[in-house]
Amino acid sequence: MKTYTAAQVQAWADQVEERGYAVVEGVLTAEELIFLRGTLDHIYAIYDPEIDGLQRVPGYHFSSNLINKNPFFETMFLRHPVYDIARRVLGEDCILSSLNSFEPLKGQGNQGLHRDGPPRPPEGTIAMNSMWSVDGMDQQNGATRLIPGSQHQADPPPADEQGIIYAEVPPGSVVVTSAHVLHAASANHSGRRRRVIHGYFTRRGRPQQTEQRRFLSAQVQAHLSPQARRVLAIDP
Ligand SMILES: O=C(O)CCC(=O)C(=O)O
C-alpha cells in the first residue's frame, strides 16, 4: 500500500473543500481489482432488499450493506489515504454512513445533477463521498460528472449543466467528493463495465444511510476491530 505525507492528505482535503472533489489514483491494487470484480458480481446477483435495507435501482447493478457481504469490506473504508481525507474534512471522529456499490447498465445511468443532502450549512461540510472505481470511468461508460465549486452555492442545478466536468479515472482510483457539490452518474453509452463502490462518510452524530448496528449480522459485528466498530458507530 502506498503511503502519503500529511501534507499530501491535507492537499486532497483542501481540494474537496475548495473545488468539491479530489482524485486519488492507485488506491486499489491490480490483485484487489480482480478480486472485487468477481466479488461484486456475486453480490449484485444475490442482493436482497429485505435483508439490506435499500431498494434496488432499476437499470443498475446495485448492492447496499457491503460490510455484511465480505471481510474485505470490513477494512476497506479505513484505508489510507481516503479515511484520512475524511477525518480532515469531517473531523477526527467522523463515521461511515453507508458502503454501497452500483453500476449503470448499457444505455442507463443518466442521473440528474444533485447534492447528496442539503446545501453546505454554515458549520461546513457535513458529509463526503468516496467513489472507488473498479473498472475505470470515462465519458463512454458513465463517468461521474460534477460542477466544481458548486458546493459553495445553494442554487438548483443549472439546466444547461454549464461548467460540468467528467471524473475520468483509471481502475483503482478513488474520487472523493463533498456531499454538497452538484454531481451525478452519467449514461453508460458503451456498456463497458462501470462498477463503483460508494463509501459515504458523515460527521458523528448524524444519521447513517445504513444504520450499521442494525444491518450488520451479529457474526460480522463480533469480529470487527475496535476502530471499525467506532467508525461504524456500532456502540452507543
Ligand atoms: O456513481 C456516481 O457517479 C454517482 C452516484 C450518485 O451520485 C448517486 O447515486 O446519488
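Structure shown above.
Residues numbered from 1 in each chain as written. Predicted model: local features only at pLDDT ≥ 70, side-chain atom pairs only at ≥ 80, totals over all residues.

*Asks:* Sorry if this is basic, but what is going on with the sheet that holds strand β4 (residues 127-133) here?
*Replies:* Within a sheet, each strand pairs with its neighbour through backbone hydrogen bonds, oriented either parallel or antiparallel. A sheet is described by the order of its strands in space; here six strands give the open sequence β1-β7-β4-β9-β3-β2, paired in antiparallel fashion. Looking along the sheet, the strands with just one partner apiece sit at the ends: β1 (21-24) and β2 (60-63). Strand-to-strand twist of the sheet, defined as the mean angle between neighbouring strand axes without regard to direction, takes the value 20°. Where β4 lies against strand β7 (residues 174-178), five bridges are found, and the strand directions are antiparallel. The residue bridging M131 from the neighbouring strand is V175, located in β7. (Pairing = 2+ DSSP bridges. Helix = DSSP H or I, 4+ residues; strand = E, 2+ residues; numbered from the N terminus. Axes fitted to C-alpha atoms, helices over the stretch in contact; angles between N-to-C directions.)

*Asks:* When you look at the pairing of strand β3 (residues 95-104) in this model, what are you seeing that I'm missing?
*Replies:* Where a strand is regular, its side chains alternate between the two sheet faces. Counting buried positions over the 10 residues of β3 gives 10, a clear majority of the element. Sheet topology note: the β2/β3 ladder contains four bridges and is antiparallel. Residue pairing in the sheet places Y60 in a bridge with P104 of β3. Here β3 runs beside strand β9 (residues 196-202); their pairing, made up of seven bridges, is antiparallel. Bridge pairing links I95 to T202 in β9. (Buried ≥ 20, exposed ≤ 12 C-beta atoms within 10 Å, placed from the backbone.)

*Asks:* What am I meant to see in the nonpolar core here?
*Replies:* Across soluble globular proteins, nonpolar side chains show a tendency to be buried alongside one another. Ranked by size, the top nonpolar core spans 55 residues in total, and within it W12, V16, I85, A86, M128, V176 and F201 carry the most contacts. For this core, the leading source of residues is helix α5 (residues 82-90), giving six residues. With residues near it in sequence (within four places) discarded, F201 still touches A86, L90, C94, I95, L96, S97, A127 and M128. (Core = buried A, V, L, I, M, F, W, Y, C linked by C-beta atoms within 7 Å. Contact = placed C-beta atoms within 7 Å.)

*Asks:* Can you walk me through the packing of helix α1 (residues 6-18) against α5 in this structure?
*Replies:* Axes are the key here: two packed helices are described by the angle between their axes and the distance separating the axes. Taken N-terminus to C-terminus, the directions of α1 and α5 make an angle of 55°; their axes are 9 Å apart at the nearest point. Considering the angle they form, α1 stands oblique to α5. For the crossing formed where α1 meets α5, the hand is right-handed. Across the interface between the two elements, V9, Q10, W12, A13, V16 and E17 from α1 touch D84, I85, R88 and V89 from α5. (Parallel < 35°, antiparallel > 145°, perpendicular 65-115°, else oblique. Left-handed = near helix turned anticlockwise from the far one by under 90°.)

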